[in-house]
Amino acid sequence: MARLVVVSNRLADLRKTSAGGLAVALGEALARNGGMWFGWSGNLVEGGQAPSSPPRTRQAGKVLLATVDLSRADHDSHYLGFSNGVLWPVFHYRLDLARFEAGFIDGYQRVNQQFARQLQPLLKPDDIIWVHDYHLIPLAAELRALGCRNRIGFFLHIPMPPPLIFAAIPQHAWLMKCLFDYDLVGLQTEADLNHFTRYALTEGGAQALDNGRLRAGGRTLQAGAFPIGIDVEAFTALSQTREARDMYERIHRDYSRRRLLLGVERLDYSKGLPQRLKAFRQLLQSYPENLGSATLIQIASPSREALDSYTDLLQELESLSGSINGDFGELDWMPVRYMHRNVARKRLPGLYRVVRVALVTPLRDGMNLVAKEFIAAQDPADPGVLVLSRFAGAAAQLKEALLVNPYDVHGTAESIQQALQMPLAERQQRHQLLLQGIRRQDVHWWQDSFLSALNNTH
């Protein structure tokens with residue numbers, strides 16, 4: 001059986017909420033079948049030269065972890081510069097926040113070249129290579145330049161923007177050319193797949209073949225939608241751990257007279273946090289019966305705070321939280337409990353289970369696994385209600401959630417009120433259908449579907 005080699009920008013600590021959907025899903029996928037996970041160690045080496053030492057390896061259960069260091073200069077131009085200063089905002093439709101400085105692309109290319117050089121000696125001829133996310137779009141091209149002939153698949157965890165928005169990136173044609181060095185490109189939703197295909201045909205000069213295949217520059221590429229899932233059974237089991245039960249019991253005790261709403265995500269402008277707080281303010285204004293009763297617990301984990309846009313967002317959230325508490329709070333009730341820190345992953349299921357409503361309202365999101373984790377953590381006899389942005393990739397699957405437009409503050413407030421007032425029978429019916437959906441397309445289905453498609457590309 002061929003070995004699976006997963007490559008991502010970073011190998012993350014899955015015990016923290018700051019571990020994004022990519023890290024959690026990859027950890028769960030690899031833990032089942034084993035293989036190798038290759039990525040950045042998190043260590044930075046001062047100076048401009050890329051480290052030349054071989055990757056450090058260690059065994060973690062069935063998985064061989066291989067990590068490399070980066071120079072600070074390359075990290076800053078690759079990660080902070082091109083990846084998160086250009087690709088992240090553009091792929092989330094935020095051209096106004098993109099920083100198109102010319103120097104960033106050089107660091108982006110150098111890191112992908114370094115990854116390819118240090119990964120190549122570890123590869124076996126029959127390895128299946130699965131590359132993840134926007135940090136590593138050129139990796140297949142760099143591996144091919146070194147003579148790699150393995151099957152290589154790429155999965156984009158963030159949204160694929162429409163062709164004209166993608167074309168705003170000065171290097172858009174080069175990025176698309178690099179994607180054609182993969183055998184399979186996977187995207188989260190049919191809408192993302194449509195955007196990718198339209199760009200390839202209208203801007204990239206590709207020819208459409210049968211069964212979702214595209215041909216350009218002498219290379220044939222398979223493209224498809226593979227919505228990422230979670231390990232439902234493992235997450236359900238996590239809700240029975242001591243840490244999760246302790247969290248449930250403590251919050252239940254401390255907030256016994258409140259109806260709790262919850263938001264959990266990384267601090268990021270794509271998550272719609274200011275709009276969410278404004279909708280909660282509107283809820284308190286429009287439906288005063290919630291005064292003294294509804295409490296929003298908002299956890300925004302630190303993320304990329306070296307970027308100015310994140311500092312501005314942090315200040316805006318702190319200002320909005322303080323203003324809502326100042327205008328509506330009482331001595332024995334604060335409407336917003338805002339926390340700018342990480343919460344241990346083992347404690348999250350208890351938090352999900354104790355709240356009445358989860359607010360997952362990004363302005364744009366590739367998938368959003370918090371929505372699926374919330375569903376998995378619920379008590380089927382008395383489940384909470386999911387309020388979900390229609391602009392999250394998950395909305396295409398989770399149609400029984402209350403879908404909202406996060407830009408519509410009044411409409412979102414009305415949906416939150418509907419969630420708070422929803423009868424038990426309706427909550428149970430919606431939850432049952434949502435749970436069936438995330439079980440049917442879980443992380444194992446995602447991995448199997450993608451790898452099966454990749455194995456069939458040659």
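In the block above lies the structure referred to throughout.
Because the structure is a prediction, the values reported are computed rather than measured. (Residues numbered from 1 in each chain as written. Predicted model: local features only at pLDDT ≥ 70, side-chain atom pairs only at ≥ 80, totals over all residues. Heavy atoms only, no water.)

### Comments concerning the pattern of salt bridges
Thought 1: Following the criterion strictly, the structure yields 21 salt bridges and no others.
Thought 2: In this structure, the salt-bridge partner of Arg-213 is Asp-210, at a minimum N-O distance of 2.5 Å.
Thought 3: Using a relative accessible area of 42% as the deciding quantity, one classes Asp-210 as partly exposed.
Thought 4: A salt bridge links Arg-242 to Glu-243, with the shortest nitrogen-to-oxygen separation between them at 3.9 Å.
Thought 5: Connected through salt bridges with shared partners, the residues Arg-144, Asp-183 and Arg-219 form a single ionic network. (Salt bridge = Lys/Arg side-chain N within 4 Å of Asp/Glu carboxyl O. Buried < 20%, exposed > 50% of the residue type's maximum accessible area, 1.4 Å probe, protein only.)

### What about the side chain of His-172?
Thought 1: When you line up the elements, His-172 lands in helix H6 (residues 172-179).
Thought 2: In this structure, His-172 is in contact with Phe-166, Ala-167, Tyr-199 and Glu-203, ignoring residues within four places of it in sequence. (Helix = DSSP H or I, 4+ residues; strand = E, 2+ residues; numbered from the N terminus. Contact = heavy atoms within 4.5 Å.)

### What to know about the sheet that holds strand S14 (residues 357-360)
Thought 1: Taken together, 6 strands build an open sheet; the order of strands is S13-S12-S11-S14-S15-S16 and the sheet is parallel. Because the sheet does not close on itself, it has two edges, and the strands there are strand S13 (336-339) and strand S16 (402-404). Going across the sheet, the axis of each strand differs from the next one's by a mean of 20°, ignoring polarity.
Thought 2: As paired elements, strand S11 (residues 259-266) and S14 share 2 bridges and run parallel to each other. (Pairing = 2+ DSSP bridges. Axes fitted to C-alpha atoms, helices over the stretch in contact; angles between N-to-C directions.)

### A short note on the pairing of strand S6 (residues 151-155)
Thought 1: The buried fraction of S6 amounts to 4 of the 5 residues, a majority that puts the element mostly inside the structure.
Thought 2: In terms of handedness, the path from strand S5 (residues 128-132) via helix H4 (residues 139-145) over to S6 forms a crossover that is right-handed.
Thought 3: Two strands pair when backbone bridges link them, and S6 and strand S7 (residues 184-187) are joined in this way by 3 bridges, in the parallel orientation. For Phe-155, the partnering residue across the bridge sits in S7 and is Gly-186. (Right-handed = clockwise from strand over helix to strand, strands pointing away.)

### Here we look at the nonpolar core
Thought 1: Grouped together as the largest cluster of nonpolar side chains are 91 residues, with contacts concentrated most on Val-7, Phe-115, Tyr-182 and Phe-196.
Thought 2: If we ignore the near neighbours within four places in the chain, the residues touching Phe-196 are Met-160, Met-176, Leu-179, Val-185, Leu-187, Leu-214, Leu-221 and Ala-223.
Thought 3: Core analysis: the second largest hydrophobic core is formed by 56 residues, Phe-226, Val-354, Met-367 and Ala-395 among them. (Core = buried A, V, L, I, M, F, W, Y, C linked by side-chain atoms within 4.5 Å.)

### Points about the sheet that holds S6
Thought 1: Strand order in the open sheet made by the 10 strands is S3-S4-S2-S1-S5-S6-S7-S10-S9-S8, with mixed pairing throughout. Where the open sheet ends on each side, the last strands, each with one partner, are strand S3 (56-60) and strand S8 (207-208).
Thought 2: Two strands pair when backbone bridges link them, and S3 and strand S4 (residues 63-71) are joined in this way by 5 bridges, in the antiparallel orientation. Its bridge partner being in S4, Gln-59 is matched across the sheet by Leu-64.
Thought 3: Of the strands in this sheet, strand S1 (4-10), strand S2 (35-45) and S4 touch helix H3 (residues 103-119), which is tilted by about 140° from S4.

### Comments concerning empty space enclosed by the protein
Thought 1: Counted by the stated rule, this structure contains 5 cavities of 30 Å³ or more.
Thought 2: Lining the largest cavity are 13 residues, and of these Gly-384, Val-385, Leu-386, Arg-430 and Leu-434 sit closest to its centre.
Thought 3: Among the secondary structure elements, those contributing two or more residues to the lining of the largest cavity are helix H13 (369-377), strand S15 (385-389) and helix H15 (424-440).
Thought 4: In terms of residues, the lining of the largest cavity owes the most to one element, H15, which gives 4 residues.
Thought 5: Split by residue class, the lining of the largest cavity holds 8 nonpolar, 2 polar and 3 charged.
Thought 6: Approximately 60 Å³ is the volume found for the second largest cavity.
Thought 7: Looking at the second largest cavity, the residues that line it are Phe-91, Ile-137, Phe-154, Leu-156, Met-160, Phe-166, Leu-175, Leu-179, Val-185, Leu-187 and Phe-196.
Thought 8: For the lining of the second largest cavity, the secondary structure elements donating two or more residues are H6 and S7.
Thought 9: The residue makeup of the lining of the second largest cavity, split by class, is 11 nonpolar, no polar and no charged. (1 Å grid on protein atoms, 1.4 Å probe; cavity = no way out; pocket = protein on both sides within 12 Å on 5 of 7 lines; lining within 4 Å. Points joined across faces, edges and corners; volume = space filled by probe spheres on them. Nonpolar A, V, L, I, M, F, W, Y, C, P; charged D, E, K, R; others polar.)

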